[in-house]
Structure formats: structure tokens, C-alpha cells
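# What the coordinates show
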Amino acid sequence: MKKELLFIHHSHTDIGYTERQEKIARYHVDFIKQAIEICNKIEKGIKPEWEGFRWVCENTWQVEQFLQNASEQEKEEFKYFVEKGYIDISANYLNMTELLDIDILIDKIGLGIDNVSSFGKRPISAMTADINGYAWGYVDALFNNGVENLFSCIHTHHGMYPLNKKQTAFYWESPNGNKILTWIGEHYHTGNELCFAPGAGTTYTFRGDDVEGFAHTDEMKVAETRVFRYLEQLEKEDYEFSFIPFMISGTITDNAPPNGGIMEFIHSWNEKYGDLAPAKMVTLDEFFTLLKKEATDIPTYRGDWNDWWADGIGSTMSAVKSFREGQRNYQLANKLSNETIKQHEDWKKEAKDQLLLYAEHTWGYSSSISEPWATLVNDLELRKTSHSIQGAVAAAKNLDHLLAQKGEVSISSKHLQEYKVINPHDEKKIDTVKLFVDFWENIDGKRVEPKNFDKEIEVVDQEGNVYPSQSIVIARGIDVEVLVELEAKEEKTLMMKRKKQLEIVTPIRSASIGAEGIDDVVLSKDRKSFSSSVYEINTQYFTIKMSEEKGIEDIVDKVDQKSLLNSKHRHEAFSGIYERTLIQTDPCNERRVMGRNRKAPSTERFVSKVKNISKIMDGDLFVSIAIAFELEGTEMYEVHLKAYYKLPKIDFSIRIHKTSSWNPENLYLSLPFSTNETEELWFEKSGCVIRPGVDQLPYSNTEFYLLQDGLVFISDNKALQIALTDVPLVTLGNLESHSIVLSDKKEELQHQPLYSWVMNNFWETNFKVDLSGFYEFRYILKLQHQSLSPDQALKNCKELNQGLIGIRIK
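Residues numbered from 1 in each chain as written. Predicted model: local features only at pLDDT ≥ 70, side-chain atom pairs only at ≥ 80, totals over all residues. Heavy atoms only, no water.

### A look at helix H11 (residues 345-359)
- A rise of 1.5 Å per residue sets the reference length of H11, with its 15 residues, at 21 Å; its end C-alpha atoms lie 21 Å apart and thus fit the reference within 8%.
- What H11 keeps buried is the set Lys-348, Ala-351, Lys-352, Asp-353, Gln-354, Leu-355, Leu-356, Tyr-358 and Ala-359.
- Tucked inside the fold, the buried residues of H11 contact helix H4 (102-117), helix H10 (317-336) and helix H12 (375-405). (Helix = DSSP H or I, 4+ residues; strand = E, 2+ residues; numbered from the N terminus. Expected span 1.5 Å × (residues − 1). Buried < 20%, exposed > 50% of the residue type's maximum accessible area, 1.4 Å probe, protein only. Contact = heavy atoms within 4.5 Å.)

What follows is the structure in C-alpha cells.
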């Protein structure tokens, strides 16, 4: 059966994979200029053999760079060829990871479309390349900006297409019921593999066929063989359309220039095979027009298209942590601003732009694994990190700008320890807020020794009411953590004062603390009240049991006496699991052969072992316990647990000193939580909430997930929320190397043990290989005995991470 070959000519944008990031931007400016030159030569009759040439700007970022660097004549020529249909513009802004906040993504897609709309057309079709999935909210991000169509070029290297089918169409329906027509396409260099780009043929997905050796010597021979074999395979698969789309690049590389010679080859091909498989170039809109005209029964699917390449972020966790802090501050600024409290628009824009560039999908230079010592490898990694840092700095400056309008003052020799505490959220909050006191400050005219702070100082409001508080000595002073109750958007003034009557410590007559000062006796009659030791903590809401064998042995809900740990868990709460695959071939090949696993049957696995448990501090608000572990691959692995006596909340801080290795590595920590009732597990991803294994496109990735602010286990009357402050990757099930089972639904994931995937250096090209360094990562557990919707519970996770705000006003 006759099939028409449709070639979509573009340049895949990989910012920092093939060259310096700033040079890549310049490349894409020049590529558009080259495409204009090709079109001009066709128009003027200089190159009639290029007739039929089309060029698709893969994203509006490319056009944005062009418009900032083009002359007025070049802009006019660009507009002319867009209007003629020779040049097309994809509505996507950049190829993104799922790190980015959905509001920033929606905004940047819209701004990009608005920016290019004055040049001949408003894009309604988007394409991506080298992206193996999108958070479900991406549908609404496109739809709400007027985008109707999405062309996805799946790269199956360590990834796979959903629906168990490629070269197919479906309507992707969003959580809100909006739909975009979506095409699951081949790899974005398939046209090059078919050898339709002179001098730019290759073998990649066609690896190992009998014409592989002719890709650079006899392109027509390769094209004939591969095209007709491809058509035979489509016929066996009952392919339903009269056309087949292929992406093609001007050279066989990412960030490739346009190539008018492709049209020469197409004309030669049509002379020989135009009656069997005619070929032509098309734009995105031309392709989707053909698709809509011919398609009669396109199916609709709902669900998350979980990304197979989300794990790159786990190789740069220091920068990711900074990114997430910057994104939180960006969100807080949006919450605080109003008609009278104005944001600094330049800093807001800088934060948004830099955070987006960090979340762009390129994760390092192409030889990051093979030659990690190379100057370019390290320079490009620093440049990538700089987007995270600059975004975080701009977001912090903008937030400081807003807080100054709310009364925040800089340090002064005459500080009066007067503060404003702010609830930036739209709901009432009962939580703690930190107020900082510099080490050199006097309170009521006198210096306070840190060890005596809680004995001598109290926190009061303007009416004289005393607030529960507890001090924490830090590097440059004291953080005073205060328990407050604030209505939605409420602000309250608090002050620190000397207590009128100092607390006098007298010896306790009961059996609790020995003469050596160690508090390790708990009377059986007191076990239901507040108490703490290195073996057991009792708060109003939890009993936390610890042992020298397991570390955290159990966390029990005091309301119903049920454990909050999954009965199937294989590793104790917050224990570390380190994996190492020894290099037996070379650093790159060892990783390549893992396929969609991120490990091998030969992978060694080590579980942390308890070294010591110690009480760090105990006070009116909370008790803090440190559990030190031995763990292969680290010099230090510690869990610092902070249990609040009168809040249903536990803070966990994980401190790690990671060693360096060239071997493929993974570091997980166990999050084996459950309500132990009939429950559902929900994740927050960018712009959506999903149940893993349930709310996903059929046959999509269920190996790991990149989340936004947290996850929640919900039963009829209980919501166990886990806020992920710093580490967004999670995985479910066993950690062993295994067959990758893809299916229509995987409800069993709902009941599998959960892990935080802290870091990895899996990829064989461009992940950062060196994971070494000092890290601290925070997790927050909160339990509520009420029926919460998934949206509300996950909103709570976001607000836990954002917290309440405390500023100095005098």
C-alpha cells in the first residue's frame, strides 16, 4: 500500500550537551538565519533543487534568541517566510523536566507564544524531542495557551513510549477534561537513519542491519532498504494512515543546522519511488492538518505520561536543593504580593527565567561520564548550576523586597527583638515559626548565654500572652522556634523579653534523671504522657520506638494505636540503601547495558547499620534525636529526628557525607509509611495529583517518579502526609534489578514499599558522575485524623515546605 513519507526538519535544542550554553543560544540564532537564507535562495531561483524546503523552529526559545539578536531586515524576512508557510514555530517553550512549577511553565509557554505571534502566526502545534514523558498537568499548560496539537519524539534509550505503540495518535485528556491531539513519534533523528539527509546519515535505532556500513557511502541504498523494510513492518502492525512522519536534522547531532540538501535527496527519491512512497517536507501544522483530515476514530486516554528521563536530577542534588528553595520563595512571593505590596518585576522575571533554564532537560555535557576531568565537562556543569543559583538568588531578593514592605529591618546595634510572624497561606495554620537572634545581641540590655536562653527569655505578643518556644543554637546565633496559631493571611507581632521570675532548677525526687545527668528512666505510668529517651518518644500524637538494631523501629498513631509503617517494609524508616555496580567493562558501557533498569544483576547493595543513638536536645516544644549509621559509600549517614510534643508533625533531617566513585551508584532512603487501613497513595506532580500505577497512560513508566512537594496516604478518616522538601525522586517496590513490566494498570504499586531516591549517577553520557560531598535533606511527616481530598492533602505538603514566615521589625 502506498505511503507518503513526511519529513519534519528541525534542530533539537540541547542547551549544554554539545557546546557551551551561551554558544548553543548563538547557534540557534544562526540556524534561523541559515533557514532564512535557504528560503531566499529558493525564492530567487538560485536553488530550485531545494524547492519544497520547510523549517520548524522546535520551540519559541529559539525564536526568542533570534529576535534578540536579529536585524530589522532579518526579522522582516523571518515574518515573510512564516506567513508563506516555509518556516513554522512550535508552541513549546523548551524541552523540560518535571522539576518546574506548573505556574512558571504555563506562564513561559504563554509568553513565548505571545512573543512570536506578531511574526505571521500564533502557533497551535507543539513538538518536543528527547523527552520521554510529561507530568499530566502539561496538557492544561498547552491547552490553556491555545495549543491544540502535540508531536512527541520518543527516545527509547533507557526509555520507552506509552500505549505500547509508536507512530500513533491519541487525544490526551487532562485532569480538567481538556484534550490535545497527540502523536507518539519515532526518535528525532529517524529521518537521518533513513539517510535522507546527505552527509548526515547514521545508524542508531536501526543498529545491526545489513546496510549499516553504507550509511556514509551509499545513502540511496540505505534509504531504499530501510524505508521499505519499515513499510513492511507497519503493514504487519496494521498501520492505519496513508502517511508516515519522521523528524530529520541537517547534521547528525543535537543542535544541528538546517540543510537544503535534504530536498535534493527527496527529489531524487521521488524520481525513483514517487509512485510507491513519495516524500516531502512538512511543517507541524501541515502534518496535523493531514492527520485530522484522515483520522476517523482517534482514541482518548487520561493519565500521567511519567518521564523515563527524570532521574538525571539525582546526579546534582546540591543544585536541585537550591532550585527547589528558589521555587518555594518564588511561590511565597506570589502569595504575599497584592495591590499594595508589590513584587520587584525584574527580579521576579529573572527568577522565573533562570529557574526554567535549570529545569530544561539537558543534564550535562555529552562526555560527562567518559571524561569527568575534562574542562568543558566541569565548566558546563557549573554553568548549568549557575541557573539554579541565579534563580534562587533572584527569588530571594524579590521575597526580601516584599518582606521589607511588610516591615523587615536590617541588623542594628539597637535591636529590640520585635518580630512579625506571617501566615502567607489561605488557611488557618497551627505550626512553629523560627525567629533569629544574633550571637552578639543583648535582650533587655543584657547578653544571654545560649545554654540559659530558654530559662531566661520568653516570647510574648503585644497583649503579654506567652507563647511556647524553644531555642536552638546555630552557627551565628540562636533560632527561637515558637508555636503559633494564625488565621489565613494573619500577621502577628511577637517580642522576646526576659522572664520576670527565672526558672529555678531543683533536683527531681522521682526516679528519672540520675546524678550523672542522663535521663533514661521512663516509669510505666508515664508512658502515655510526654516523655523522651533514646529508646522511645511519647508525644501527644505519636509513640516513636527506636532500637540499636533498627534505628527507628516503629511510629505508632496514638489515636488508634496503629503503626504508621507498612507491614511489608523491608527497610526501616529513613535507613539508607546504597547500591554500587562495579565497572567490569568501561564506565559508559557498564551503564548502557542496564537498559531501563538503573542497576544490574551484579549490583552490590548495602543497608545502613546503627552506630549510635543520642538525644540532642529536649524542651517545651520538641525533642531531637540523632541516629548515626554506618553505610557503604558514605563517611557519614545520620538521621536527625525532631518530634513535636503538641503537633502531629515529625521533622526528619538526613545528613550525608558521600564519597566519590566512578562506578554506577544509587542512594535510597526508606519511606515505609502507611495508614495500615484501606488507603490510596497520591503523588503531587507538576500541575496534577496522581495515584501511581492508576492515573497513568497505559504502558508508561512506573519505575520512579519526580514529584513536586510531597505524597500522601489517604484512608477514610486519616491522611498521612510526607512533604519532600529537598529530594523529589521516589520509587516503589523492591530495589533489585528486574524485568521492566509495563502494563495497562499497576494498582499493586499502591501497596509497595516506598523509597526516596536521593541520588544516582546512572546515565552513560551526561549525568554528573561525582556524587561526593556533604548534604542535608529534609522530610516532614504530618498526620491528620480527618477525611481530606488528595488535592487538599498535597496542598498541605506544599505549605509545610513553605512554612510560616518570621521577620525582624525592630
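After that view, the rundown keeps rolling.
### Points about the pattern of salt bridges
- Taken as a whole and judged by the stated rule, the model has 55 salt bridges.
- Here Glu-4 ties to Lys-280 by a salt bridge, and the two come within 3.7 Å at their closest N and O atoms. In this pair, Glu-4 is assigned in strand E1 (residues 4-9) and Lys-280 in strand E9 (residues 279-281), connecting sequence segments 276 residues apart.
- On the basis of relative accessible area, Glu-4 is assigned to the partly exposed category, the value being 24%.
- Exposure remark for Lys-280: the relative accessible area of 34% places this residue in the partly exposed category.
- What you see here is one network of salt bridges that share partners, running through Lys-335, Asp-426, Glu-427, Lys-429, Lys-795 and Glu-799. (Salt bridge = Lys/Arg side-chain N within 4 Å of Asp/Glu carboxyl O.)

### A few points about the nonpolar core
- Of all hydrophobic cores here, the largest spans 114 residues; its most connected members are Trp-172, Phe-574, Phe-652, Phe-673, Phe-683, Leu-711 and Tyr-779.
- The next biggest cluster of nonpolar side chains, apart from the first, holds 71 residues, and it includes Leu-6, Leu-181, Phe-206 and Phe-246. (Core = buried A, V, L, I, M, F, W, Y, C linked by side-chain atoms within 4.5 Å.)

### Side note on the environment of Arg-324
- Considering the arrangement of structural elements, one finds Arg-324 in helix H10.
- Once the C-alpha coordinates of Arg-324 and Gly-407 are considered, the two residues, 83 residues apart in sequence, prove to be 26 Å apart.
- Every residue in contact with Arg-324, bar those within four places of it in the chain, is listed here: Leu-707, Gln-708, Asp-709, Leu-724, Thr-725, Asp-726, Val-727 and Pro-728.
- Within the local environment of Arg-324, its side chain forms a polar contact with the backbone oxygen of Gln-708, the two atoms lying 2.5 Å apart. (Polar contact = N/O pair within 3.5 Å; in protein donor to acceptor, adjacent residues only side chain to side chain.)

### Looking at the side chain of Glu-98
- Secondary-structure assignment places Glu-98 in the loop between strand E3 (87-89) and H4.
- With relative accessibility at 3%, the residue Glu-98 sits in the buried group.
- From its side chain, Glu-98 meets the backbone nitrogen of Ala-135 in a polar contact 3.0 Å long.
- Every residue in contact with Glu-98, bar those within four places of it in the chain, is listed here: Gly-133, Tyr-134, Ala-135, Trp-305, Asn-306, Asp-307, Lys-685, Ser-686, Leu-706 and Gln-708.

### Some thoughts on the sheet that holds strand E18 (residues 477-486)
- Ordered in space as E12-E18-E17, the 3 strands form an open sheet in which the pairing is antiparallel. Of all the strands in the sheet, the pair left with one neighbour each is strand E12 (429-438) and strand E17 (469-474). Between one strand and the next, the sheet's axes are offset by a mean angle of 25 degrees, whatever the strand orientation. (Pairing = 2+ DSSP bridges. Axes fitted to C-alpha atoms, helices over the stretch in contact; angles between N-to-C directions.)

### Things to note about the pairing of strand E4 (residues 125-129)
- Burial within E4 is extensive, with 5 of its 5 residues counted as buried.
- The side-chain alternation of E4 yields two buried faces, one formed by Ser-125, Met-127 and Ala-129 and the other by Ala-126 and Thr-128.
- Across 5 bridges, E4 lies against strand E5 (residues 149-153) in parallel orientation. Across the sheet, residue Ser-125 finds its bridge partner in E5, namely Asn-149.
- Taken together, E4, helix H5 (residues 138-143) and E5 form a β-α-β motif whose crossover is right-handed. (Right-handed = clockwise from strand over helix to strand, strands pointing away.)

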